[in-house]
Amino acid sequence: MPSPLTFAVPKGRILDEALPVMAAAGVVPEDAFHDKSNRSLTFATTREDMALIRVRAFDVATFVAHGAAQIGIVGSDVVEEFAYSDLYAPVDLQIGHCHLAVAEPADGIAVTDRVSHLRIATKYPNITRRHFEARGIQAECVKLNGAMEIAPSLGLASRIVDLVSTGQTLKTNGLVETAHIMDITARLIVNRAALKTDARIAELVEAFRATRAAADKAA
Ligand SMILES: Nc1ncnc2c1ncn2[C@@H]1O[C@H](COP(=O)(O)OP(=O)(O)OP(=O)(O)O)[C@@H](O)[C@H]1O
Ligand SMILES: O=P(O)(O)OC[C@H]1O[C@H](OP(=O)(O)OP(=O)(O)O)[C@H](O)[C@@H]1O
């Protein structure tokens, strides 16, 4: 029996879109995976040599970068934020479309910043610093793990950097987008060392590539 492979998936929004893509590439979890009341974090798949783990999006990248999981699916926002050298993102799965943006209060009432120094609430401090540094602005980041949109009205920061899809969350919370940082899609990610040493990882990358190519052809 070959050594077991671990495939990491994020537990939240990407998952529903990811499951059909995974199935087309031959990665199918056991039925218990779909039972929301099941508290297990590890699940068997139809492949005897592969288990699935369901973890938070940022942790998918951490598990794969450290080789604790050999392969996974995560948003390109997470790949860019960590920029792990041991992590390789070979396939754009064209799911989980959204973008990362800077936003500020629509009414212009915000904590006043100095022009060259901004205070920004975000889950993405590295991307945020890089974005503003490239424009000669120092960004002081306040790290939040969600609900960034309430930070400006409470005076925690003058602006936010967060994901935007429909724009509804910004609008509902009285914010407007002022800069588009990058487009985001979900990626297949693999551990570089595992890719070099285990032929099954290269085969999986090819299976996901073929799935993507077939979907492009059908579109
Ligand atoms: N509004 C959105 N529309 C489309 N894709 C989104 C949106 N918000 C987030 N995403 C994508 O989904 C990913 C978040 O995935 P998911 O919700 O599965 O994570 P999670 O593990 O539940 O997150 P958290 O750690 O915040 O609990 C983001 O990294 C991004 O790539
Ligand atoms: O433009 P919209 O379609 O409104 O989507 C944007 C929202 O979606 C994400 O949050 P999510 O729902 O994942 O919750 P979170 O704040 O806990 O991350 C993101 O952080 C925004 O808050």
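Residues numbered from 1 in each chain as written. Chains lettered and ligands numbered in written order. Predicted model: local features only at pLDDT ≥ 70, side-chain atom pairs only at ≥ 80, totals over all residues.

Going by an unreviewed UniProt entry, the protein carries the name ATP phosphoribosyltransferase and comes from Parapontixanthobacter aurantiacus. Recorded in UniProt under Function (unreviewed entry), the annotation for the protein is "Catalyzes the condensation of ATP and 5-phosphoribose 1-diphosphate to form N'-(5'-phosphoribosyl)-ATP (PR-ATP). Has a crucial role in the pathway because the rate of histidine biosynthesis seems to be controlled primarily by regulation of HisG enzymatic activity." (UniProt positions renumbered as here; feature names shortened; annotations may be inferred.)

(A) Here's a closer look at the pairing of strand E11 (residues 186-191). With respect to burial, E11 is a largely interior element, six of its six residues being buried. Residues of E11 alternate between two faces, with Ala-186, Leu-188 and Val-190 on one and Arg-187, Ile-189 and Asn-191 on the opposite face, all of them buried. As judged from the five bridges shared by strand E4 (residues 71-75) and E11, these two strands associate in the antiparallel manner. Its bridge partner lying in E11, Ile-73 is registered against Leu-188. In this sheet, E11 lies alongside strand E5 (residues 87-92) in antiparallel orientation, the contact comprising four bridges. Paired with Val-91 across the strands is Leu-188, a residue of E11. (Buried ≥ 20, exposed ≤ 12 C-beta atoms within 10 Å, placed from the backbone. Helix = DSSP H or I, 4+ residues; strand = E, 2+ residues; numbered from the N terminus. Pairing = 2+ DSSP bridges.)

(B) A look at the sheet that holds strand E7 (residues 117-122). What the five strands build is an open sheet, ordered E8-E7-E9-E6-E10; its pairing is mixed. For this open sheet the edge positions go to strand E8 (138-143) and strand E10 (175-184), each flanked by a neighbour on one side alone. Averaged over all pairs of adjacent strands, the angle between strand axes in this sheet comes to 30°, irrespective of strand direction. In this structure, E7 lies alongside strand E9 (residues 159-164), joined through three bridges in parallel fashion. Looking across to E9, one finds that Thr-122 is bridged to Val-161. Where helix H4 (residues 125-133) meets the sheet, its contacts fall on strand E6 (98-105), E7, E8, E9 and E10, and the angle it forms with E8 comes to roughly 165°. (Axes fitted to C-alpha atoms, helices over the stretch in contact; angles between N-to-C directions. Contact = placed C-beta atoms within 7 Å.)

(C) Region of the structure containing the pairing of E7. Judged from the six bridges that link them, E7 and E8 form a sheet pairing that is parallel. What sits directly across from Ile-120, in E8, is Cys-141. Note on the crossover from E7 through H4 to E8: the handedness is right-handed. (Right-handed = clockwise from strand over helix to strand, strands pointing away.)

(D) Fine view of the site of ligand 1. For ligand 1, the set of nearby residues contains 19 residues, the closest of which are Pro-10, Gly-12, Ala-57, Gly-75 and Ser-165. Elements with a contribution of two residues or more to the shell around ligand 1: helix H1 (14-24), helix H2 (57-65) and helix H3 (76-82). Formed jointly, the shell around ligand 1 draws a minimum of three residues from each of two domains, domain 1 (5-96 + 185-218) and domain 2 (98-184). (Near = placed C-beta within 6 Å. Domains from an automatic or database assignment.)

(E) Layout of the nonpolar core. By size, the foremost hydrophobic cluster in this structure holds 38 residues, and its most contacted members are Phe-7, Ala-61, Val-64, Val-74 and Ile-189. Counting residues per element, this core draws most heavily on H2, at six residues. Beyond its immediate chain neighbours, meaning those up to four positions away, Ala-61 contacts Val-74, Val-78, Val-79, Phe-82, Tyr-84, Leu-87 and Ile-189. Counting residues in hydrophobic clusters, the runner-up holds 21 residues, among them Ala-103, Tyr-124, Ala-157 and Ile-181. (Core = buried A, V, L, I, M, F, W, Y, C linked by C-beta atoms within 7 Å.)

(F) Layout of the sheet that holds E11. Taken in spatial order, the six strands of this open sheet run E2-E3-E1-E4-E11-E5, and their pairing is mixed. Both edges of this open sheet fall to strand E2 (42-44) and E5, since each of them pairs with a single strand only. On average, adjacent strands in this sheet sit at an angle of 30° to one another, irrespective of strand direction. For strand E1 (residues 5-10) and strand E3 (residues 50-55), the ladder comprises six bridges, and the chain directions are parallel. Across the sheet, residue Val-9 finds its bridge partner in E3, namely Arg-54. Packing against the sheet, H1 makes contact with E1, E4 and E11, and its axis sits at approximately 140° to E1. Packed onto the sheet, helix H7 (residues 199-218) meets E1, E4, E5 and E11 and runs at close to 30° relative to E5.

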